[in-house]
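# Inside the fold
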There are 2 protein chains.
Amino acid sequence: MSLRMALLGLLTAYGPASGYDLAKSFERSVAHVWQAGHSQIYPELAKMTADGLVTVEAEGARGRKIYAITPEGGAELRAWLISHDPTGPARNEVALQAFLLPLLDPGEALAVLERLRAYTERKLAELEALHAVKHASPVPEGATTGVRFGNLALDLGIRQTRTTLAWANDTIAAIGRRA
Amino acid sequence: MSLRMALLGLLTAYGPASGYDLAKSFERSVAHVWQAGHSQIYPELAKMTADGLVTVEAEGARGRKIYAITPEGGAELRAWLISHDPTGPARNEVALQAFLLPLLDPGEALAVLERLRAYTERKLAELEALHAVKHASPVPEGATTGVRFGNLALDLGIRQTRTTLAWANDTIAAIGRRA
DNA sequence: AATTACATGTAAGCGGTTACATGATTGT
DNA sequence: ACAATCATGTAACCGCTTACATGTAATT
């Protein structure tokens, strides 16, 4: 369902687009919160067309199909946002490694934590770069809260990444003291 | 792979157990970082037996099979912890809803954020209750860092949940000002 | 005797990944 | 001519969920 909603969201915010365009949008804007490749997007768009949530508005060169969101699609997206509780089953690889970490001896655990910290630092730098760029981008159609599309998620992402980084640093310090 | 590692971790920490026991352990201890039902666990244990990572140590009443981790299993777990980068594809439902939120008008967006906040508050209370209980639990076998098994993940989870809660509160305040 | 908890498995189906396959257009 | 990019799709496979299916032991 989430893939569907992400696609409807992109079509609402940026207007009609092809499967190819949408796949690019996933790589660029949505990548940090949701991922999908073209092999997943094309069949999904076909299903969504059958369900009346989108329509093939036009067909361009090279068999390019331009999809547009329908009123039903818009309603579906709004309904999902308003009433769907994000009960995504907890499945967090970083947290799982953290969970199992005490099974290693202190030296090894420290090495793992250092790796985790480096990884988190890279991710934070990426998000903060995106944050800087964002202020130059145009406000897309469809944004009614006055907040730029995607900015709330970026803020959340940066905060969470900073939290993970702080945890890694504190844990390295705590285990380091014992080792 | 992660399910495999979670199972090996539980067998290392708590000693030999049946598929049934492991399913219970998932519900209790690992639930916040990884989820798995018995229908996933039983076939996985069979595959792990075939791969020599665990052995059926004993068979009890009601066809109960007790699995024990083998040296190969232990090596596999350690290798994974030490060298596997947790590149779990970003797929976060809360963040996706945050991403799409500006498509709603301010009143609706506020309602969604309130729901998100309530959900996060419940989760935080749960984790903090677990934190309180933890101090009474025994230190299991296999913990070599001196940190109790699962405590690092719990700390991380509490921090992240607090961060999400703060984000929800701040965003409610920010949008509320505009509405 | 009936219910609950223990205990194990299988099957259908969905969401997602990787790889395969094809062809048109544009730029060098 | 060749390469890169545009553009769409399919197939095999894996991980996971939900539901089906079966039977045993302990409790009330």
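None of these values were measured; they are calculated from a predicted model.

Turning to the interface of chain B and chain A, a few remarks are in order. Counting residues at the interface gives 71 residues for chain B and 71 residues for chain A. Here chain B packs against chain A, burying approximately 7000 Å² in sum over the two surfaces, 64% of which is carbon and sulfur. Summed over the shared surface of chain B and chain A, the result is six salt bridges. The residue B:D85 makes a salt bridge to A:R115 at a minimum N-O spacing of 3.6 Å. Summed over the shared surface of chain B and chain A, the result is 29 residue pairs in polar contact (both at pLDDT 80 or more). Of all the secondary-structure elements, those providing two or more residues to the side of chain B that touches chain A are α1 (2–14), α2 (19–30), α4 (71–83), α5 (93–100), α6 (106–134) and α7 (151–178) of chain B. Of the residues in the side of chain B that touches chain A, the class split is 38 nonpolar, 21 polar and 12 charged.

Residues and elements named next belong to chain A. In terms of domain boundaries, chain A breaks down into domain 1 (2–83) and domain 2 (93–178). One C-alpha centre belongs to domain 1, the other to domain 2; they are set 28 Å apart. Ranking the residues of domain 1 by area buried against domain 2 places A13, Y14 and H32 at the top, with a combined share of 71%. Summed over the shared surface of domain 1 and domain 2, the result is zero salt bridges. Counting across the interface, domain 1 meets domain 2 through zero residue pairs in polar contact (both at pLDDT 80 or more).

Let's shift gears to the side chain of A:E108. Structurally, A:E108 is set in helix α6 (residues 106–134). A polar contact of 2.8 Å, which involves the side chain of A:E108, links it to the side chain of B:R78. Discounting residues that sit within four places of it in the chain, A:E108 has contacts with B:R78 and B:I82.

Basis of the calculations
- Residues numbered from 1 in each chain as written.
- Chains lettered and ligands numbered in written order.
- Predicted model: local features only at pLDDT ≥ 70, side-chain atom pairs only at ≥ 80, totals over all residues.
- Heavy atoms only, no water.
- Contact = heavy atoms within 4.5 Å.
- Buried area = accessible area lost by both parts, 1.4 Å probe.
- Salt bridge = Lys/Arg side-chain N within 4 Å of Asp/Glu carboxyl O.
- Polar contact = N/O pair within 3.5 Å; in protein donor to acceptor, adjacent residues only side chain to side chain.
- Helix = DSSP H or I, 4+ residues; strand = E, 2+ residues; numbered from the N terminus.
- Nonpolar A, V, L, I, M, F, W, Y, C, P; charged D, E, K, R; others polar.
- Domains from an automatic or database assignment.

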